[in-house]
Amino acid sequence: MIVATSVKDSLLGILEELPLESQQEILYFARLLQMVKIVKCPRQSLEGLCADLNINITEADIKEARKEMFGNFPKEIEI
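Calculation notes
- Residues numbered from 1 in each chain as written.
- Predicted model: local features only at pLDDT ≥ 70, side-chain atom pairs only at ≥ 80, totals over all residues.
- Heavy atoms only, no water.
- Helix = DSSP H or I, 4+ residues; strand = E, 2+ residues; numbered from the N terminus.
- Buried < 20%, exposed > 50% of the residue type's maximum accessible area, 1.4 Å probe, protein only.
- Areas by Shrake-Rupley, 256 points an atom, 1.4 Å probe, with all protein chains shown as cover.
- Patch = residues over 30% accessible without salt bridge, like charges linked within 9 Å, V, L, I, M, F, W, Y side chains within 5 Å.
- Salt bridge = Lys/Arg side-chain N within 4 Å of Asp/Glu carboxyl O.
- pLDDT = per-residue confidence, 0-100.
- Expected span 1.5 Å × (residues − 1).

## Quick look at the overall build of the chain
Here is step 1: Within the chain, the regular secondary structure consists of four helices and zero strands.
Here is step 2: If you list the helices and strands of the chain from N to C, you get α-α-α-α.
Here is step 3: Within the chain, the proportion of its 79 residues that are buried is 3%.
Here is step 4: Carbon and sulfur atoms make up 60% of the accessible area of the chain, which amounts to about 8,500 Å² in all.

## Observations regarding a nonpolar patch on the surface
Here is step 1: On the surface, Tyr 28, Phe 29, Leu 32, Leu 33, Met 35 and Val 36 cluster together to form a nonpolar patch covering roughly 670 Å² of accessible area.
Here is step 2: Considering the arrangement of structural elements, one finds Leu 32 in helix α2 (residues 20-35).

## So, the confidence of the model for the chain
Here is step 1: Across the chain, pLDDT averages 81, with 87% of residues at or above 70.
Here is step 2: Across the chain, the element-wise mean pLDDT spans from 75 in helix α3 (residues 46-49) up to 92 in helix α1 (residues 7-17).

## Some words on α2
Here is step 1: Between its terminal C-alpha atoms α2 stretches 23 Å, which fits the 22 Å expected from 16 residues at 1.5 Å a residue.
Here is step 2: Taking burial as the measure, the 16 residues of α2 include zero buried ones, a minor fraction of the element.

Here's what the structure looks like:
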């Protein structure tokens, strides 16, 4: 096999060796990739996500919830 100089050349080399059915699957996948556009949205904080819900969660509320959830959790686990 000849060393390809680019991704395009590599793909063409591989495609030439594959049967027609596999080539059609790759074509289908490539077209899917063309249609899919990933839109990156900036992440919002939990406070920002809940802003329209009129919920006021304080640091004390979070500490209390953690205490309830992990209060009986063993400090040391034997393996």
